Amino acid sequence: MDQKTLDKTFTETHKMTGQCPFGGNKIGGAFGTPPTLENWYPNRLRVELLHQNGLSADPLGPEFDYAAEFAKIDFDALKQDIKAFLTTSVDWWPSDYHHYGPQMIRMAWHAAGTYRIADGRGGAGTAMQRFAPVSSWWDNGNTDKSRRLLQPIKHKYGSGLSWGDLMILTGNCALEIMGLPTYGFGGGRLDAWEADNASYWGPEIWDPHHVDGFDSMVNRDKRWHGKNGDTDYDLENPLAASHQALIYVNPEGPYANGDPMGSARDIRITFTRMAMNDEETVALIAGGHAFGKSHGMVSSKEIGPPPEIAPIESMGLGWHNPKGPGFAEHTMTNGIEGSWTPNPTQWDNSYLDNLFKFDWEQTKSPAGALQWTPIDPNAPKTPDAHIAGQMNPLMMMTSDIALKVDPEYRKVCEKFLADFDAFTQAFSKAWYKLTHRDMGPKHRYLGPEATIENGLLWQDPLPERDHGLVNAAEITALKQAIAATGVSVSDLSFTAFSAVSTYRDSDKRGGANGGRLALAPQKDWTVNQRAAPVIEKLRAIMLDFNGKQTSGNKISLADLIVLGGCIAVEKAARDAGVDASVPFTPGRVDTTQELTDIEMFTWLKPVADGFRNYLDSNFKSVSQGVSPEEFFLDKANLMGLTAPEWTVLTGGLRALNINHDASNMGIFTDKVGVLNTDFFVKLTDTDLVWEKADEDGMVFFLKDRKSGMIKFSATRSDLVFGSNSQLRSIADVYASRDSAQRFVKDFIKVWDKMMMLDRYDVKGHRRFGPMAS
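Owing to the predicted nature of the structure, the values given are computational and were not obtained by experimental measurement.

## Topic: the overall build of the chain
The number of helices and strands found in the chain is 26 helices and 13 strands. A compact globule built from 773 residues would reach a C-alpha radius of gyration of about 28 Å, and the chain, at 29 Å, matches this within 12%. Principal-axis analysis of the C-alpha atoms places the extent of the chain at approximately 105 × 85 × 55 Å. Counting the 773 residues in the chain, one finds 56% classified as buried. Long-range contacts, defined here as pairs at least 24 residues apart, represent 71% of the contacts in the chain between residues at least 6 apart. With the model as given, the accessible surface of the chain reaches about 33,100 Å², and the carbon-plus-sulfur share is 53%. Within the chain, the 98 negative side-chain charges are centred at a point lying 4 Å from the centre of the 79 positive side-chain charges.

This is the structure in structure tokens:
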């Protein structure tokens, strides 16, 4: 048989069997099918997370100006549309009490309530309630229906109205239409476009196959130290929620045990981590529970999967309820059933009235959840949300009874009981704080309801600039004055970077504007001590310059600190043989100690800062196994850096030596203060070997491979750029012989980005904050 006949027979045989002629007749996976890197190497440093939610995921593109589009909206008409929707029920998800208001308040509250003060993550600012994991937390059951109900309004106003702004504004409109005068609304939230695969929400892992169903995702097994009531009882940082998959606390008590005092302990810890004090906490709980009801008509074991893993025919919705139509009087969310008040769609004080007027006893909901009912059979009743004419007993949760038994919370409740106007104002302001805490300075707020006072203390207010900006000639004179002080390139750049290093893009806090590096608590932090003498010399220049001015132009200390860094970088570039100009944008102001909340700013104090090679003296005891390089990655993310930016910035900072203690750790050059690429050259040098210098592997020696002589010392925050494959690939670029000019150019670009991180007052500010006017 010749070859042609053999080929024909081969082909016909496989046509008959339907098999691939080259084997591989079963397809086992596709792009993204596990196992992936996270399965193979779960402890690797996930540098690629710096690029999540990048422009490639954004359908609006890099030129889209949200502030400009938002300004085109008829704001009054938008609010009218929202309020009309709130009282227009639809058949596929009918409203409780013929009013969507309470449901929308819950949606907005849960969107904003993920915020935590420790790292500024969470909140409604990017509308992450639309994506996993938040969208599919047990506590967010049926918020998917709330957003789907809002879809027609979102489609009507399009890209000029973000989901984040729509959700919070709808919550405001719901409060207003039910009688609460709201404190204000600031637009400007920019939506994310992909799931959050990086934020740390706690160590507990949910098993979707657990016998208790989806209710089992609510657990607290690993985040607490000690037991509720112990003197050492404490919640792991940076967490705020008491349980995995909850926004706040378990409404049935810490261990679903119905213990009101234990619940009060959890409430205080959780709300404090959300930056709320006792009065704000009581106002939010009592105010929020003035509206609507809780749903618990069906066992959680019967409820379908959350949106993220629901079947495709569910249209992106989750929590399928098989009872009756699956909604209305059969609705299930957290398992507790009933309303707190006789009129659940009206702002009044009946929540607190009834909480304190009656004694309450434990009972169970139809779903089996622990709740409380008045002992007095003559206590007021509440109308059923859907069945006409049916009246039901009032309900309280264990977390409500907690406000009555905790002495401090009780004092606040009694104040509000005696003064409804004070309660109204407290709730309105606490709601405003809750829904705007992650938005940063008021310069970011958009819309006609955005200008409220001169800034509240939690907004880290800055005084209005009351002088003209320095011109080019004056900037030149100031540069000469700084140079004349003899302060080194290293010290000037350290001070400038220290000023911006507190910035967090998560909640837009920190940064150089305000000059808070010279105020408590920042001036007292160990990591900043090297800046103190520099600040005093710069302050003297400022006072002398401003005292002699007749033009009305002045310089702030905040601007002078940044300008000092700019001239340091320019000199370092010149000394490297590159004549470069570093941009400087004046306009920063100096705030006061009175406008600086020391407690809230203390949360910005670093435990580790890889940029300045700093580890807190208690690092080993508080880090719980989180490595310095993981903290470094976290910091790079908070500062909005990409992997190339992170790499080139660190290499330049090592060339300048901005180590907090001016040590030689990671300083792989004998030309400190010169913008050279020695850091990358030595980092990738195969003639050097790395050895641990301490038992914990925090410090290392770089030794000559042949002689064994110690050449350099380094930390994990230095060597990660040579050990991590993604970072090393970037380091290789700057270690190359042709990289000198590129390195200086790239470093200056990212340096300027750092100096401008918090300049939301400047028109054309980078896209991940709205354009300022």
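Resuming the write-up.
## Points about the packing of aromatic side chains
Scanning the entire structure with this criterion turns up 37 aromatic pairs. Relative to Phe 185, the ring of Phe 75 lies with its centre 6.1 Å away and its plane at 25°, an arrangement referred to as stacked. Placement of the pair is Phe 75 in helix 4 (residues 75–86) and Phe 185 in the loop between helix 8 (163–177) and strand 1 (224–225), with a sequence separation of 110 residues. Of the two residues, Phe 75 and Phe 185, both sit in the buried class.

## Section: helix 26 (residues 740–755)
Residues lying three or four places apart along an α-helix face the same way, a consequence of the helix completing one turn every 3.6 residues. End to end, helix 26 covers 23 Å across 16 residues, agreeing with the expected 22 Å (1.5 Å per residue, within 8%). Listed as buried for helix 26 are Phe 743, Val 744, Phe 747, Ile 748, Val 750, Trp 751, Lys 753, Met 754 and Met 755. On its buried side, helix 26 packs onto helix 16 (489–500), helix 18 (557–575), helix 22 (643–656), helix 23 (678–683) and helix 25 (725–735).

## Some words on the pattern of salt bridges
Scanning the model with the defined rule gives 43 salt bridges in all. Close ionic contact of Arg 530 with Asp 491 constitutes a salt bridge, the shortest N to O distance being 2.9 Å. Of this pair, Arg 530 sits in the loop between helix 16 and helix 17 (532–548) while Asp 491 sits in helix 16, and the two are 39 residues apart along the sequence. Each of Glu 38, Arg 44, Arg 46 and Glu 48 takes part in salt bridges that share partners, so that together they form one network.

## Some points on the nonpolar core
By size, the foremost hydrophobic cluster in this structure holds 99 residues, and its most contacted members are Leu 78, Tyr 351, Leu 352, Leu 355, Phe 427 and Leu 434. Per-element tally for this core: the top contributor is helix 8, with 8 residues. Excluding residues within four positions of it along the chain, Leu 434 makes contact with Trp 109, Ala 112, Gly 113, Tyr 248, Met 274, Met 276 and Leu 284. Within the second largest apolar cluster, 82 residues are counted, among which are Val 47, Phe 611, Ala 643 and Phe 743.

## Remarks on helix 10 (residues 278–288)
Most of helix 10 is tucked away: 9 of the 11 residues are buried. Buried positions along helix 10 lie against helix 5 (101–112), helix 9 (260–273), helix 11 (350–357), helix 12 (398–405), helix 13 (407–418) and helix 14 (420–436). Between the side-chain oxygen of the N-cap and the backbone nitrogen of Glu 279 there are 3.1 Å, and the N-cap of helix 10 in question is Asn 277.

## Some points on unusual backbone geometry
Here the residue pair Ala 132 and Pro 133 is connected by a cis peptide bond, since its omega of 0° sits within 30 degrees of zero. Secondary-structure assignment places Pro 133 in the loop between helix 5 and helix 6 (143–149). Cis geometry is adopted by the peptide bond preceding Pro 238, which originates at Asn 237 and carries an omega value of 5°. Along the chain, the position of Pro 238 falls in the loop between strand 2 (234–235) and helix 9. Of note in the backbone geometry, Ala 662 takes a positive phi value of approximately 60° without being a glycine.

## Some details on a nonpolar patch on the surface
The grouping of Leu 37, Trp 40 and Tyr 41 at the surface amounts to a nonpolar patch, some 380 Å² of accessible area in total. Counting through the fold element by element, Leu 37 comes out in helix 2 (residues 37–40). Residue classification places Leu 37 among the partly exposed residues on the basis of a relative accessible area of 41%.

## Some thoughts on the pairing of strand 12 (residues 699–704)
Two elements, strand 11 (residues 688–692) and strand 12, share 5 bridges in a ladder whose sense is antiparallel. Looking at strand 12, one finds that Glu 691 is bridged to Phe 701. Where strand 11 hands over to strand 12, the hairpin turn is made up of 6 residues, of which Gly 697 adopts a positive phi near 70°. Here 5 bridges tie strand 12 to strand 13 (residues 710–715), and the two strands are oriented antiparallel to one another. Within the sheet, the bridge partner assigned to Phe 701 lies in strand 13 and is Ser 713. Taking the residues that link successive antiparallel strands as the turn, the strand 12-strand 13 hairpin has 5 residues, and the phi of Gly 708 there is positive, at about 80°.

Conventions we followed
Residues numbered from 1 in each chain as written. Predicted model: local features only at pLDDT ≥ 70, side-chain atom pairs only at ≥ 80, totals over all residues. Heavy atoms only, no water. Helix = DSSP H or I, 4+ residues; strand = E, 2+ residues; numbered from the N terminus. Rg over C-alpha atoms; globule rule 2.2 N^0.38 Å. Buried < 20%, exposed > 50% of the residue type's maximum accessible area, 1.4 Å probe, protein only. Contact = heavy atoms within 4.5 Å. Areas by Shrake-Rupley, 256 points an atom, 1.4 Å probe, with all protein chains shown as cover. Lys, Arg positive; Asp, Glu negative; His and termini not counted. Charge placed at Lys NZ, Arg CZ, Asp CG, Glu CD. Phe/Tyr/Trp six-rings, centres within 6.5 Å; stacked < 30°, edge-to-face > 60°. Expected span 1.5 Å × (residues − 1). Salt bridge = Lys/Arg side-chain N within 4 Å of Asp/Glu carboxyl O. Core = buried A, V, L, I, M, F, W, Y, C linked by side-chain atoms within 4.5 Å. Polar contact = N/O pair within 3.5 Å; in protein donor to acceptor, adjacent residues only side chain to side chain. Patch = residues over 30% accessible without salt bridge, like charges linked within 9 Å, V, L, I, M, F, W, Y side chains within 5 Å. Pairing = 2+ DSSP bridges.

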